[in-house]
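Observations on the model geometry
The residues making up each chain are set out below.
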Amino acid sequence: MTSWYEGPLAAFDTETTGVDVEADRIVSAALVVQDAPGTRPRVTNWLVNPGVPVPAAATEVHGLTQEHLQRNGRWPAPVMYEVAQALAEQARVGRPLVVMNAPFDLTLLDRELRRHRASSLSRWFERVPLLVLDPRVLDKHLDRYRKGRRTLTDLCAHYGVPLEGAHDAAADAVAALEVTRAVGRRFASRLERLSPGELHTLQAVWHAAQARGLQAWFASSGTEEAVDPAWPLRPDLPAAA
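Residues numbered from 1 in each chain as written. Predicted model: local features only at pLDDT ≥ 70, side-chain atom pairs only at ≥ 80, totals over all residues. Heavy atoms only, no water.

Looking at the packing of aromatic side chains
Counted by the stated rule, this structure contains three aromatic pairs. Measuring from ring centre to ring centre gives 5.2 Å for W4 and Y5, while their planes differ by 85°; the resulting arrangement is edge-to-face. There is no split in this pair, since W4 and Y5 are both buried. Ring plane angle 70° and centroid distance 5.2 Å describe the contact between Y81 and W124, whose orientation is recorded as edge-to-face. Placement of Y81 in helix α3 (residues 76-92) and of W124 in the loop between α4 (102-117) and β5 (132-133) is noted, with a sequence separation of 43 residues between them. (Phe/Tyr/Trp six-rings, centres within 6.5 Å; stacked < 30°, edge-to-face > 60°. Buried < 20%, exposed > 50% of the residue type's maximum accessible area, 1.4 Å probe, protein only. Helix = DSSP H or I, 4+ residues; strand = E, 2+ residues; numbered from the N terminus.)

Next comes the structure, spelled out in structure tokens:
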């Protein structure tokens with residue numbers, strides 16, 4: 001029987017106006033679907049005119065200027081519907097969805113759906129659950145004592161995965177997908193008997209433990225930054241923009 005990491009996978013990524021999931025906006029998104037390792041992935045891209053200023057700091061990261069998005073981007077409402085529909089299709093066919101640092105991208109998408117569609121991400125998965133694989137959570141749990149950062153760039157370097165065009169949504173999604181396959185192979189003895197559904201449940205527990213550990217580290221260093229233990233989607237806040 002083929003293990004999940006050698007089977008069909010999809011991956012999702014966004015580029016944004018910033019890092020605040022409650023206030024910032026999506027400017028581009030990509031869904032990558034790969035039927036088997038080594039096969040050519042099918043890529044869907046969305047470019048969004050967020051309707052708000054795009055900070056220069058964000059443009060420095062992903063290269064998308066406000067002028068370019070105004071000329072070439074689409075309005076958020078139809079894009080967010082299409083993205084949610086595309087992710088729901090992955091759930092419907094039982095294809096796991098790779099999302100690097102899932103609470104960021106999925107929560108931001110949820111807030112955009114609330115903002116522009118009077119909807120929510122969870123409504124799309126009331127009947128068929130979304131099965132998420134987060135390479136950051138997996139790597140941090142399976143190789144917890146390794147020193148160093150665990151950004152996508154760091155994980156690509158550690159697992160020998162090429163990353164061409166970093167901070168392009170499609171390029172990052174492809175890289176995250178390949179890192180997830182690499183994690184599966186490296187820790188096959190611990191992962192191959194687990195189904196994506198079982199892994200989804202376990203990752204929520206692992207992420208919460210990781211968040212508690214990080215929160216304790218912040219407290220010991222005198223930092224008041226809060227770490228949300230929710231995964232893969234943060235709960236709604238009444239003050240969400």
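A look at the sheet that holds strand β2 (residues 26-34)
An order of β3-β2-β1-β4-β5 is seen for the five strands of this open sheet, with the pairing classed as mixed. Pairing within the sheet leaves two strands with one partner each, and these edge strands are β3 (42-47) and β5. Relative to β2, strand β1 (residues 9-16) runs antiparallel, the two sharing eight bridges. If you follow D13 over to β2, its bridge partner there is A30. Here α4 sits on the sheet in contact with β1, β2 and β5, set at roughly 70° to β1. (Pairing = 2+ DSSP bridges. Contact = heavy atoms within 4.5 Å. Axes fitted to C-alpha atoms, helices over the stretch in contact; angles between N-to-C directions.)

Here's the deal with the pattern of salt bridges
Tallied over the entire structure, the rule returns 13 salt bridges. A salt bridge links D35 to R42; the shortest N-O distance between them is 2.8 Å. Of the residues examined, R42 reaches a relative accessible area of 44% and is grouped as partly exposed. The salt bridge involving D139 is made with R150; its shortest N-O contact spans 2.6 Å. Taken as a pair, D139 in helix α5 (residues 135-142) and R150 in the loop between α5 and α6 (152-159) lie far apart in primary sequence, 11 residues in all. A relative accessible area of 0% places D139 in the buried class. (Salt bridge = Lys/Arg side-chain N within 4 Å of Asp/Glu carboxyl O.)

Details of the pairing of β1
Counted residue by residue, β1 has eight buried out of eight residues, so it is predominantly covered. Both faces of β1 are covered, namely the face carrying L9, A11, D13 and E15 and the face carrying A10, F12, T14 and T16.

Remarks on the nonpolar core
F12, L87, L106 and L109 are the most contacted members of the largest nonpolar core, which has 58 residues in total. Considering every element that reaches this core, the biggest residue donor is α3, with eight residues. Formed by five residues, the second largest nonpolar core is a distinct cluster that contains V27, V54, L64 and L69. (Core = buried A, V, L, I, M, F, W, Y, C linked by side-chain atoms within 4.5 Å.)

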